[in-house]
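Read off the chains here:
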Amino acid sequence: MELSNNFNLIDNYYDFFISWNFSTPQAFFFLIIFVGYIIGSIKLISISEYKINRLFIFTFSGLILLAFALVGPFDSFSEDLFTMHMAQHITLAMFAAPLILLGRPMPIYLWALPRFLRIGAGTFLTRDSKIILIIKKLTNPKFSILAFILTLYFWHIPFAYNLSLENGWVHLLMHFTMFFTSIIFWWPIIGPPPTNSILSYPKRITYLLCAVTPTALLAAVITLSNNVIYEFYIDSPPHFGWTTLEDQKIAGLLMWIPGNLVYLFTLVSLFFKWFESEEKKMYKN
């Protein structure tokens, strides 16, 4: 009996890692982003002294994680396991989004465009253009943190969450809004081109701290609940030997621990950058 259970677990893990689906609308969205980045990189390398560096590695790593979340195992198992859906959202919001921004990918995406579109896009990205003004509005810290937290809470309302699993287009909307608000949430911290962050390092630390409590509170509610919150999963096929309630608690812990570790790591990095910038000021004076 124990041997049979072990074989079932091995089958579960095997099925998990080979589950990739490139036929969904979100797969099409991902392929555009990924192929565009590769084309832009190849063009830059071929016409200049541009070399693969850590910026390229940041964005490329973020895109690989995006693939794993949108077309890989997390997505394939998200309708059966809340844990996988949570892992999908954490990957999108806490890992893929900041990594892509850290790579400052805007110039590469511009080079991916045909020449006439690239020239036109360049004019739209001048300092006082409407596009830049819109980006500044969306990435204003007062708006971006509110949009991020409200989006997170809205999609974890049981009605909205269950509806996203029952309707493919609502599911796509969920992923798009969560990824988009994650991008604008991390923007004031990272400050990639074409606009820089308006926050000083102390303000970036405060901004990030303001996001910790609401996300931790939501994670605590999911983890500590003794009732199944999302009824969609009650009749889902079992995987890895988990009950529906165990699956929910593991999902809550995923939001709670890895999510807060990302915040902690970012806070430490910001603190050291702040210290370094203050040290440089002292030497200049």
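Everything here concerns the structure above.
All values reported here derive from a predicted model rather than from experimental measurement. (Residues numbered from 1 in each chain as written. Predicted model: local features only at pLDDT ≥ 70, side-chain atom pairs only at ≥ 80, totals over all residues. Heavy atoms only, no water.)

Chemist: Help me understand the packing of aromatic side chains in this model?
Modeler: For any pair of aromatic rings, the description rests on two quantities: the centre-to-centre distance and the angle between the ring planes. Following the criterion strictly, the structure yields 21 aromatic pairs and no others. Measuring from ring centre to ring centre gives 5.0 Å for F154 and W155, while their planes differ by 75°; the resulting arrangement is edge-to-face. We classify W155 as buried; its relative accessible area is 5%. Of the aromatic side chains, those joined through ring pairs into one cluster are F30, F34, Y37, F56, F60 and Y109. We note R204 situated over the ring of Y201; from NZ or CZ to the ring centre the distance is 4.8 Å. (Phe/Tyr/Trp six-rings, centres within 6.5 Å; stacked < 30°, edge-to-face > 60°. Buried < 20%, exposed > 50% of the residue type's maximum accessible area, 1.4 Å probe, protein only. Lys NZ or Arg CZ within 6 Å of the ring centre and 35° of its normal.)

Chemist: Sorry, what's going on with unusual backbone geometry here?
Modeler: The residue after P193, namely P194, is reached through a cis peptide bond having omega 15°. Along the chain, P194 falls in the loop between α11 (168–190) and α12 (201–224). One non-glycine residue, R104, lies in the positive phi region at around 45°. With a relative accessible area of 32%, R104 lands in the partly exposed category. (Helix = DSSP H or I, 4+ residues; strand = E, 2+ residues; numbered from the N terminus.)

Chemist: What should I look at first to understand the side chain of T151 in this one?
Modeler: By the secondary structure assignment, T151 is in helix α9 (residues 141–154). T151 has contacts with T177, M178 and T181, leaving out every residue within four places of it along the chain. (Contact = heavy atoms within 4.5 Å.)

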